[in-house]
Amino acid sequence: MSEPGPPKRCKLETTSLPASPCVESATIQRAMVLARLRRITPDSLAERLSSSVIPPLVLDLRPFIAYNVSHIRGSVNVACSDRISRRRLEQGKTSLADLATTTLGKEMLRKRTYKEIIVYDESTSDLERVPNNHPLFLVITSLVEDQREPVLLIGKYLYLH
């Protein structure tokens, strides 16, 4: 029997972390992701949406039916609320562009025109309390790994349809 080689490494920004599922590396990675996350209030977002020549990219992580009923004008729905999509995103087998529900949304995410991306779901206002496999945390982690700047919309959202 051969000796196991060195542990596989995954890269997050400039720090290399062990790819093992050990609690310590998951804790370190989580802390790094949360450190990169900024927050925005609904009022600040409304101001940016109305005053910017180029509005920020907003990702709506709610199920498609909820998105279809009402959403922030111009937001892109990313379907990652089902277990299979979450698992594929967690394992790096799919991208956010692949999970966008519209062709325009897929194009916007693939073009990489937006560095800062605002995200929201049904009710999360404190990412500290959500598990690592929660859709919102997975999307934010994916954005950080893609060298983007995630911003969490906190508080009651405004649905500008």
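With an unreviewed UniProt entry as reference, the protein is termed Rhodanese domain-containing protein, source organism Rhynocoris fuscipes.

(A) Representation of the environment of V119. Among the secondary structure elements, V119 is positioned in strand β6 (residues 116-120). Owing to a relative accessible area of 0%, V119 belongs among the buried residues under this scheme. Not counting chain neighbours up to four residues away, the residues in contact with V119 comprise L59, L61, L136, V139, I140, L143, V151, L152 and L153.

(B) Local environment of the layout of surface pockets. Roughly 180 Å³ of internal volume is contained in the second largest pocket. L49, P55, I72, R73 and G74 are, among the 12 residues lining the second largest pocket, the residues nearest its centre. Of the residues in the lining of the second largest pocket, the class split is 9 nonpolar, 2 polar and 1 charged.

(C) How the structure looks around the nonpolar core. L59, L109, V119, L127 and V139 are the most contacted members of the largest nonpolar core, which has 29 residues in total. For this core, the secondary-structure elements that each account for two or more residues are α1 (23-36), β4 (57-60), α5 (96-99), α6 (103-111), β6 and α7 (135-145). Looking at this core element by element, the count peaks at 7 residues for α7. Residues contacting V139, with those up to four places away along its chain left out, are L59, L61, C80, L89, L96 and V119.

(D) Broad picture of the pairing of β6. Counted residue by residue, β6 has 5 buried out of 5 residues, so it is predominantly covered. Pairing geometry for β4 and β6, over 4 bridges, is parallel. Of the residues in β6, the one forming a bridge with D60 is Y120.

(E) Here's a closer look at the side chain of R62. Counting through the fold element by element, R62 comes out in the loop between β4 and α3 (64-69). Note on R62: relative accessible area 6%, which makes it buried. Of the polar contacts made by the side chain of R62, one reaches the backbone oxygen of A66; its length is 3.5 Å.

(F) Representation of the sheet that holds β4. One open sheet holds the 5 strands; their spatial order is β3-β7-β6-β4-β5, and the pairing between them is parallel. Among the strands making up the open sheet, the edge pair consists of β3 (38-40) and β5 (76-77). In this structure, β3 lies alongside strand β7 (residues 149-153), joined through 3 bridges in parallel fashion. The residue bridging R39 from the neighbouring strand is L152, located in β7. Here helix α2 (residues 42-51) sits on the sheet and contacts β3, β4, β6 and β7; the angle it forms with β3, its principal contact strand, is near 80°. Running over the sheet, α7 touches β4, β6 and β7 and is turned about 175° from β6.

(G) A look at the pattern of salt bridges. Scanning the entire structure with this criterion turns up 7 salt bridges. In this structure, the salt-bridge partner of E90 is R87, at a minimum N-O distance of 3.2 Å. One end of the pair is E90 and the other is R87, both in helix α4 (residues 83-90) and 3 residues apart, which spans about a single turn. Through salt bridges that share partners, R38, R48, E116 and E149 make up one connected network.

About the thresholds
Residues numbered from 1 in each chain as written. Predicted model: local features only at pLDDT ≥ 70, side-chain atom pairs only at ≥ 80, totals over all residues. Heavy atoms only, no water. Helix = DSSP H or I, 4+ residues; strand = E, 2+ residues; numbered from the N terminus. Buried < 20%, exposed > 50% of the residue type's maximum accessible area, 1.4 Å probe, protein only. Contact = heavy atoms within 4.5 Å. 1 Å grid on protein atoms, 1.4 Å probe; cavity = no way out; pocket = protein on both sides within 12 Å on 5 of 7 lines; lining within 4 Å. Points joined across faces, edges and corners; volume = space filled by probe spheres on them. Nonpolar A, V, L, I, M, F, W, Y, C, P; charged D, E, K, R; others polar. Core = buried A, V, L, I, M, F, W, Y, C linked by side-chain atoms within 4.5 Å. Pairing = 2+ DSSP bridges. Polar contact = N/O pair within 3.5 Å; in protein donor to acceptor, adjacent residues only side chain to side chain. Axes fitted to C-alpha atoms, helices over the stretch in contact; angles between N-to-C directions. Salt bridge = Lys/Arg side-chain N within 4 Å of Asp/Glu carboxyl O.

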